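Spelled out from the first residue to the last, the chains are:
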Amino acid sequence: EAQVTQNPRYLITVTGKKLTVTCSQNMNHEYMSWYRQDPGLGLRQIYYSMNVEVTDKGDVPEGYKVSRKEKRNFPLILESPSPNQTSLYFCASSGSYNEQFFGPGTRLTVL
Amino acid sequence: AQTVTQSQPEMSVQEAETVTLSCTYDTSESDYYLFWYKQPPSRQMILVIRQEAYKQQNATENRFSVNFQKAAKSFSLKISDSQLGDAAMYFCAYRRGAQKLVFGQGTRLTINP
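Thresholds applied
- Residues numbered from 1 in each chain as written.
- Chains lettered and ligands numbered in written order.
- Predicted model: local features only at pLDDT ≥ 70, side-chain atom pairs only at ≥ 80, totals over all residues.
- Heavy atoms only, no water.
- Helix = DSSP H or I, 4+ residues; strand = E, 2+ residues; numbered from the N terminus.
- Rg over C-alpha atoms; globule rule 2.2 N^0.38 Å.
- Buried < 20%, exposed > 50% of the residue type's maximum accessible area, 1.4 Å probe, protein only.
- Contact = heavy atoms within 4.5 Å.
- Areas by Shrake-Rupley, 256 points an atom, 1.4 Å probe, with all protein chains shown as cover.
- Lys, Arg positive; Asp, Glu negative; His and termini not counted.
- Charge placed at Lys NZ, Arg CZ, Asp CG, Glu CD.
- Disulfide = S-S within 2.5 Å.
- 1 Å grid on protein atoms, 1.4 Å probe; cavity = no way out; pocket = protein on both sides within 12 Å on 5 of 7 lines; lining within 4 Å.
- Points joined across faces, edges and corners; volume = space filled by probe spheres on them.
- Salt bridge = Lys/Arg side-chain N within 4 Å of Asp/Glu carboxyl O.
- Pairing = 2+ DSSP bridges.
- Phe/Tyr/Trp six-rings, centres within 6.5 Å; stacked < 30°, edge-to-face > 60°.

(A) Quick peek at the overall build of chain B. Scanning chain B from terminus to terminus reveals zero helices and twelve strands. Secondary structure elements of chain B, listed N to C terminal, follow the sequence β-β-β-β-β-β-β-β-β-β-β-β. Radius of gyration (C-alpha) of chain B: 13 Å, near the 13 Å computed for a compact globule of 113 residues. If you line up chain B on its principal axes, its C-alpha atoms span 40 × 25 × 20 Å. Residue burial in chain B is summarised as follows: out of 113 residues, 50% are buried. Taking all contacts inside chain B whose residues are at least 6 apart in sequence as the whole, residues at least 24 apart take part in 54%. Summed over all atoms, the accessible surface of chain B reaches about 5500 Å², with 43% contributed by carbon and sulfur. Where the 12 positive side-chain charges of chain B centre and where its 10 negative ones centre are 7 Å apart.

(B) Region of the structure containing the state of the cysteines. Residue and element names in this part refer to chain B. A full pass over the atoms with the stated rule returns two disulfides over all chains. Here cysteine 23 connects covalently by a disulfide to cysteine 92, the sulfurs 2.0 Å from one another. Between cysteine 23 and cysteine 92, the S-S dihedral sits near -70°, and the bridge is therefore left-handed. In this pair, cysteine 23 is assigned in the loop between strand 3 (19–21) and strand 4 (24–26) and cysteine 92 in strand 10 (residues 88–95), connecting sequence segments 69 residues apart. The same class applies to cysteine 23 and to cysteine 92, which are both buried.

(C) Summary view of the layout of surface pockets. By volume, the largest pocket is sized at about 300 Å³. Lining the largest pocket are 17 residues, with Gln37 of chain A together with Gln39, Met89, Phe91 and Arg108 of chain B positioned closest to its centre. The set of elements that each furnish at least two residues to the lining of the largest pocket consists of strand 4 (31–38) of chain A together with strand 10 of chain B. No other element matches the three residues that strand 10 of chain B contributes to the lining of the largest pocket.

(D) Local environment of the pattern of salt bridges. All names here are of chain A. The final tally for this structure, using the stated rule, is seven salt bridges over all chains. Among the salt bridges present, the one from arginine 44 reaches aspartate 38, with a minimum N-O distance of 2.8 Å. Residue class for arginine 44 comes out partly exposed when judged on its relative accessible area of 26%. By sharing partners, the salt bridges in this structure join Lys18, Lys65 and Glu79 into a single network.

(E) Representation of the sheet that holds strand 8 (residues 76–78) of chain A in the model. Residues and elements named next belong to chain A. The four strands are arranged 1-3-8-7 in an open sheet whose pairing can be described as antiparallel. Looking at which strands have only one partner, the edges of the open sheet turn out to be strand 1 (4–7) and strand 7 (65–66). Taken together, the four bridges between strand 1 and strand 3 (residues 19–25) define a ladder with antiparallel strand orientation. Pairing of glutamine 6 across the sheet is with cysteine 23, part of strand 3.

(F) Local environment of the packing of aromatic side chains. All names here are of chain A. One pass over the full model with this rule turns up 15 aromatic pairs over all chains. Between tyrosine 35 and phenylalanine 102, the aromatic rings sit 5.8 Å apart at their centres with planes inclined by 45°, giving tilted as the arrangement. In this pair, tyrosine 35 sits in strand 4 while phenylalanine 102 sits in strand 10 (residues 101–102), placing the two residues 67 residues apart along the sequence. Considered together, tyrosine 35 and phenylalanine 102 belong to a single accessibility category, that of buried residues.

As structure tokens, this is what we get:
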């Protein structure tokens, strides 16, 4: 089954404790992205990757890092999380100009 | 920068009736894509319908159709014969190229039985 998976689905952590949210897709897509969703703001792009070792900032990259060492994986790293990063996070992938496929979302709470 | 605006934070409709969700966008480009996504309580993002800007014909998918007005930069979603399962948050989105979607703020749709 074609899908985008994210782990964990839920995470509660404390300020300053490094964390990684994993994202993997099995569709051999070149493009992958991370979004955060906040009430009243819709989804905003954090980072995107156009292929292995090619990443670039989206609209809200501050406080986040990404890497793309393999085509299928695109982890999101929060090196020192803060409460304003409490949000719902989505990973998405797409091939060429086709639709983006979204993962199930990760609900992150930073205390 | 491209922006997408959904001016209706909430809408409600009686079951079996028709409802239209509004979306406007701002861009200087001529080649782009527009989407409507549905987000039910499960939080999964589900593609409802897609419109290519170069196509004049409005896209339709079963009970879902769009009214795409390129000159006015308007992209509304019409849901006919509303069903309880249509209750969700709906997001309008714009894309140029493959790497970025710009989303509106969302419209929460309630279906009254």
